[in-house]
Amino acid sequence: MAVFAEEVNLAGYTTLRLGGPARRFVEATTEAELVAAVRAADEAGEPVLVLGGGSNLVVSDDGFPGTVVHVGTRGTERLSGEGGHVTVRVQAGEEWDPFVARCVEEGLSGVECLSGIPGRVGATPIQNVGAYGQDVSETIVEVRAYDRRTRKVVSLDREACRFTYRHSVFKGSDRYVVLDVTYTLRETEESRPVAYAELARTLGVEPGARVPLKEAREAVLELRRGKGMVLDPADPDTRSAGSFFTNPILEPDQLAALERRVAERLGPDTAPPRYPEPDGRTKTSAAWLIDRAGFAKGHARGPVRISTKHTLALTNPHAGTTADLLALAREVRDGVRGAFGVELVNEPVFVGVSL
């Protein structure tokens, strides 16, 4: 049976350790409990926040004036294994990195470069979680979810999920509650082709090469630890929501304007990072823009700061508040806009706050 409580402080359920109390808090450990808790709150006209690992959330200091449903469902099931591929269905409440570790140990390729990412499986399709050249959209084949509009459990295939860069049909909408996610993985001891240049350098291979799965995982973990992106209670830089801003994707005219601003500010021999997208747009680096706008690692505003290891992470190493964090985020966003004319967009989900 689901466990209920009142006035539960949400700071203890987020990796930023920020956020005020939930008026009502429900711990759901089965799919039936999860659906019932959300349905009951909807029928009562209560606001609902579905909470997983809290690794991608920025919650208001005032908390949440409704029902928070904490997803604690567990279970992993192999559905099939044909043609060198294995299909695996995973409950939304499973922790993500232990699942990745099991895949690597069992010789299942496709998520190894997503090692070390905090949070739970149910969050992965919402923002199309990705890192080091891999996105979950490459391996997700189905998402089962509770549709709060029709009050039915539905199945969405990859196309229906409408995956784009750090986005999906689930993000920015509270219509769907993810129940489980099905991945198709390749049965092999080798990684997918290494697509990310930094990872290739760490592994000592050329981009496009394959390496043993365990080597890929360890290299990713090494890189993430170096950036404070693997949760560690002893490291205050890990008290973050990961990358706070997404990498901007620019239209050709926006890219040309950025290049002009960079040349004016940093000299004619300096150019921003450019990563061509299939649709003709170009992705650039938010971390590069932040740094070149004058915000160095460790830049502080009161009790919060930019990570000392990674420019893209905003951290709460001391007794900060959500208001403190947002003030720093606005300072960085406005500084980049002023320097380069590019608008940074937050990657974490905001609850009760905005930039």
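Here the structure is shown first, and the text comes after it.
Residues numbered from 1 in each chain as written. Predicted model: local features only at pLDDT ≥ 70, side-chain atom pairs only at ≥ 80, totals over all residues. Heavy atoms only, no water.

### Here we look at the sheet that holds strand 17 (residues 282-283)
Through backbone hydrogen bonds, the strands of a sheet pair up, either in parallel or in antiparallel fashion. For the record, the criterion: For two strands to count as paired, DSSP must find a minimum of two bridges between them. The helix and strand labels rest on DSSP assignments: H or I over at least four residues marks a helix, E over at least two residues marks a strand, and numbering proceeds from the N terminus.
The sheet built from three strands is open, its strands ordered 15-17-16 with antiparallel pairing. Of all strands in the sheet, those bounded by a partner on one side alone are strand 15 (249-250) and strand 16 (275-276). In this structure, strand 16 lies alongside strand 17, joined through two bridges in antiparallel fashion. Along strand 17, the bridge assignment pairs Tyr275 with Lys283.

### Here we look at the pairing of strand 7 (residues 85-91)
Put simply, the rule reads: Only protein chains enter the calculation, and the probe is 1.4 Å; a residue is then buried if its accessible area is under 20% of its type maximum, exposed if over 50%, and partly exposed in between.
Along strand 7, five of the seven residues are buried, which leaves the element largely enclosed by surrounding structure. The pairing of strand 6 (residues 76-82) with strand 7 spans six bridges and is classified as antiparallel. In the strand pairing of strand 7, Arg78 is matched with Val88. Here strand 6 folds back onto strand 7 in antiparallel fashion, the turn holding two residues, of which Gly83 has a positive phi close to 60°. When strand 7 meets strand 13 (residues 176-187), the two strands line up antiparallel, connected through seven bridges. Bridge pairing links Val86 to Leu185 in strand 13.

### So, the pattern of salt bridges
To keep it simple, the criterion reads: Between Lys or Arg on one side and Asp or Glu on the other, a salt bridge is scored when a side-chain nitrogen of the former is within 4 Å of a carboxyl oxygen of the latter.
Evaluated as defined, the whole model comprises 28 salt bridges. Measuring nitrogen to oxygen at the nearest pair gives 3.7 Å for the salt bridge that ties Glu105 to Lys214. Taken as a pair, Glu105 in helix 2 (residues 96-105) and Lys214 in helix 5 (residues 213-226) lie far apart in primary sequence, 109 residues in all. The class of Glu105 is exposed, set by a relative accessible area of 55%.

### A few points about the sheet that holds strand 14 (residues 240-243)
The cut-off we apply is this: Residues are treated as being in contact if the distance between any of their heavy atoms lies within 4.5 Å. Note on geometry: axes are C-alpha line fits, over the in-contact stretch for helices, and angles between N-to-C directions span 0 to 180 degrees.
The sheet built from four strands is open, its strands ordered 14-20-19-18 with antiparallel pairing. Every other strand in the sheet has two partners, leaving strand 14 and strand 18 (300-301) as the edge strands with one partner each. For strand 19 (residues 304-306) and strand 20 (residues 313-315), the ladder comprises two bridges, and the chain directions are antiparallel. Residue Ile306 lies in a different strand from strand 20, and its bridge partner there is Leu314. In this fold helix 8 (residues 322-340) packs onto strand 18, strand 19 and strand 20, with an angle of close to 35° to the strand it touches most, strand 19.

### Quick look at the layout of surface pockets
The condition is simple: Note on definitions: the grid is 1 Å and covers protein atoms alone; a cavity is a set of points where a 1.4 Å probe fits but cannot get out; a pocket is an open set with protein on both sides within 12 Å along at least five of seven lines; lining residues have an atom within 4 Å of a point. Grid points are joined across faces, edges and corners, and a volume is the space filled by probe spheres set on the points. Charged residues are taken to be Asp, Glu, Lys and Arg, nonpolar residues to be Ala, Val, Leu, Ile, Met, Phe, Trp, Tyr, Cys and Pro, and polar residues to be all remaining types, Gly included.
Counted as a void, the second largest pocket has a volume near 430 Å³. Around the second largest pocket sit 23 residues that line it, and Thr15, Arg17, Gly53, Pro118 and Leu231 are the ones nearest its centre. Split into classes, the residues belonging to the lining of the second largest pocket amount to seven nonpolar, nine polar and seven charged.

### Quick look at helix 5
Under the convention used in this document: Multiplying 1.5 Å by the helix residue count minus one yields the expected span of that helix.
With 14 residues, helix 5 ought to run about 20 Å at 1.5 Å a step, and its terminal C-alpha atoms sit 20 Å apart, in line with that. Every buried residue of helix 5 is listed here: Leu213, Ala216, Arg217, Ala219, Val220, Leu221, Leu223 and Arg224. Where the residues of helix 5 are buried, they touch helix 2, strand 8 (108-109), strand 9 (130-131) and helix 4 (197-203). Just past helix 5, the residue Gly228 takes up positive phi, approximately 70°.

### So, the packing of helix 2 against helix 5
As a reminder, the rule being used: Roughly parallel means an angle under 35 degrees; roughly antiparallel means over 145; roughly perpendicular covers 65 to 115; every other angle is labelled oblique. Here a crossing is taken to be left-handed if its near helix is turned anticlockwise relative to the far helix by less than a right angle, and right-handed if that turn runs clockwise.
Direction vectors running N to C along helix 2 and helix 5 enclose 150°, while the axes themselves pass 9 Å from each other. Between helix 2 and helix 5, the crossing angle belongs to the class labelled roughly antiparallel. Between helix 2 and helix 5 the crossing geometry is left-handed. Contact with helix 2, carried on its side by Asp97, Val100, Ala101, Val104 and Glu105, involves Leu213, Lys214 and Arg217 of helix 5 and no other residues of that element.

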